[in-house]
Amino acid sequence: MKCVRCKKKAVIVLRRHNAAFCADCFLHYYKNQVLKNIRKNRMFEKGEKVLAVVSGGKDSMALWDILVKEGYNVVAMYINLGIGEYSNRSQEVVEKFAKENNLPLIVKDIKKEFGLDIYKLSKTLRRSPCSVCGSIKRYLFNKVAYDGGFSAVATGHNLDDEAATLFGNVLSWEEGYLARQGPVLPQTHPKLIKKVKPLYTLTERENMYYVLLNKIEFLHEECPHSVGARSILYKELLNKLEEESPGTKQRFLSGFLKKGKKHFQDVREKLELKECKNCGQVTTTEECSFCRFVKICNQQ
Ligand code: Q46
Ligand code: ZN
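The shown structure was predicted, so the numbers you read here are calculated from the model rather than taken from an experiment.

Student: Looking at this structure, how should I read the environment of Val-170?
Tutor: Residue position: Val-170 is located in helix α7 (residues 159–171). Non-local contacts of Val-170, meaning those with residues more than four positions away in its chain, are made with Leu-178 and Phe-252.

In structure tokens form, the structure reads like this:
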């Protein structure tokens, strides 16, 4: 098969676009997708400070690399969540990339810095490790971005992630989540920094090609807690549909963003936003969950 752009031998076929590309033209396509997503959704401008959240996996490494290559003012942030060897190995990957390419990187270690332990919290609060971990990550992304004067927090969520999340939210008609789902979560409070997903139209497979073609090292293993997650089942189901009918995931997500989301706009949660009495970060209670977590973990 030939590349649709330059007619050289193709190395990747994108059935949903009815296209095939050689390596160079694939990278050209990938870059254009990311730049289009950033501009069309007004995620951030050149010069604005962007905090890219990196985990060492292929998606966030691709995000980090493309934002740097395209000249954005990007600083990466890695959080060591204390998930055994997985966390140590992912930190190594991220630190190595930053060092080799001379890139700014902020590292947060929840155990060393705050005494936090997601397993202790999970047991004490009877919440899953993922639920606790998610709260901690969201808090730190926002706090670091706010304290550092960043305009946006960028994550490596891809088309597969977004379609699976949408699928799950539709199955249980999570109106509040549907109202918020999208490539940009706007700033609704001066202390809540905008969250953006520049890779939301690119698939896992395309991010994999991007890192392989650019010889970017990444951690091949997933977090051990992602095994058995509902989202993985949704991804498998959507992959089957995609196999039969290429473009299903993209049509599902873009159709929702264009035609479906507006019907949920009135459902926005009317929760009153306050500032935590300890740390000043935005919360709906007197004290934010992060500060409560710190107390729980540091009690003897
Ligand atoms: S939430 Fe759960 Fe992830 Fe945290 S414990 Fe691992 S799988 S890292 S995206
Ligand atoms: Zn707090």
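Here the narrative resumes, following the displayed structure.
Student: Quick question: what am I supposed to make of the packing of aromatic side chains here?
Tutor: For the structure shown, the criterion picks out 12 aromatic pairs. Centre to centre, the rings of Tyr-139 and Phe-290 are 4.0 Å apart; their planes meet at 5 degrees, and the pair counts as stacked. Linking Tyr-139 in helix α6 (residues 129–147) with Phe-290 in helix α12 (residues 289–298), this pair joins segments that are 151 residues apart in sequence. By the burial criterion, Tyr-139 is buried, and Phe-290 matches it. Site record: aromatic cluster; members linked through ring pairs are Phe-21, Phe-26, Tyr-29, Tyr-30, Tyr-209 and Tyr-210. Over the face of the ring belonging to Tyr-72 we find Lys-46, whose NZ or CZ atom lies 5.0 Å from the ring centre. Its guanidinium or amino end placed over the ring of Phe-150, Lys-49 lies 4.5 Å from that ring's centre, counting from NZ or CZ.

Student: Explain the UniProt feature "binding site: Zn(2+) 1" (unreviewed entry) in the protein chain to me, please; I cannot follow it from the model alone.
Tutor: The feature "binding site: Zn(2+) 1" (unreviewed entry), as given by UniProt, occupies Cys-3, Cys-6, Cys-22 and Cys-25 in the numbering adopted here. Spanning 23 residues, the named residues nonetheless gather at one spot, since no C-alpha pair among them exceeds 7.9 Å. As for its placement among the helices and strands, Cys-3 is situated in the segment before β1 (12–14). On the basis of relative accessible area, Cys-3 is assigned to the buried category, the value being 1%. Not counting residues within four places of it along the chain, the set of residues in contact with Cys-3 comprises Lys-8, Lys-9, Ala-10, Ala-20, Phe-21, Cys-22 and Cys-25. Positionally, Cys-22 belongs in the loop between β2 (19–21) and α1 (23–40). Cys-22 gets classed as buried once you look at its relative accessible area, which sits at 6%.

Student: Sorry, what's going on with the nonpolar core here?
Tutor: Within soluble globular proteins, side chains that are nonpolar generally end up buried alongside one another. By size, the foremost hydrophobic cluster in this structure holds 83 residues, and its most contacted members are Phe-21, Tyr-30, Phe-44, Met-61, Trp-64 and Ile-136. Discounting residues that sit within four places of it in the chain, Phe-21 has contacts with Cys-3, Val-4, Ala-10, Val-11, Ile-12, Leu-14, Phe-26 and Tyr-29. Grouped together as the second largest cluster of nonpolar side chains are 5 residues, Ala-163, Ala-164, Phe-167 and Leu-238 included.

Student: Any chance you could explain the packing of helix α5 (residues 118–125) against α6 here in plain terms?
Tutor: Two elements in contact, α5 and α6, have axes whose closest approach is 8 Å; the angle formed by their N-to-C orientations is 120 degrees. In the packing of α5 onto α6, the handedness of the crossing is right-handed. Residues Ile-118, Leu-121 and Ser-122 of α5 form the contact with α6, whose own contacting residues are Pro-129, Val-132, Cys-133 and Ile-136. Among the residues making up the contact of α5 with α6, the classes are represented as 6 nonpolar, 1 polar and no charged.

Student: Help me out: how do you make sense of the layout of surface pockets in this one?
Tutor: Over the atoms, a rolling probe the size of a water molecule traces out where space has been left empty. A volume near 430 Å³ is recorded for the second largest pocket. Surrounding the second largest pocket, 18 residues form its lining, Lys-40, Tyr-200, Thr-201, Ser-254 and Leu-257 being those nearest its centre. Taken together, the elements giving at least two residues each to the lining of the second largest pocket come down to α1 and α11 (248–260). It is α11 that contributes the most residues to the lining of the second largest pocket, 5 residues altogether. A breakdown of the residues in the lining of the second largest pocket according to their chemical character gives 6 nonpolar, 7 polar and 5 charged.

About the cut-offs
- Residues numbered from 1 in each chain as written.
- Chains lettered and ligands numbered in written order.
- Predicted model: local features only at pLDDT ≥ 70, side-chain atom pairs only at ≥ 80, totals over all residues.
- Heavy atoms only, no water.
- Helix = DSSP H or I, 4+ residues; strand = E, 2+ residues; numbered from the N terminus.
- Contact = heavy atoms within 4.5 Å.
- Phe/Tyr/Trp six-rings, centres within 6.5 Å; stacked < 30°, edge-to-face > 60°.
- Buried < 20%, exposed > 50% of the residue type's maximum accessible area, 1.4 Å probe, protein only.
- Lys NZ or Arg CZ within 6 Å of the ring centre and 35° of its normal.
- UniProt positions renumbered as here; feature names shortened; annotations may be inferred.
- Core = buried A, V, L, I, M, F, W, Y, C linked by side-chain atoms within 4.5 Å.
- Axes fitted to C-alpha atoms, helices over the stretch in contact; angles between N-to-C directions.
- Left-handed = near helix turned anticlockwise from the far one by under 90°.
- Nonpolar A, V, L, I, M, F, W, Y, C, P; charged D, E, K, R; others polar.
- 1 Å grid on protein atoms, 1.4 Å probe; cavity = no way out; pocket = protein on both sides within 12 Å on 5 of 7 lines; lining within 4 Å.
- Points joined across faces, edges and corners; volume = space filled by probe spheres on them.

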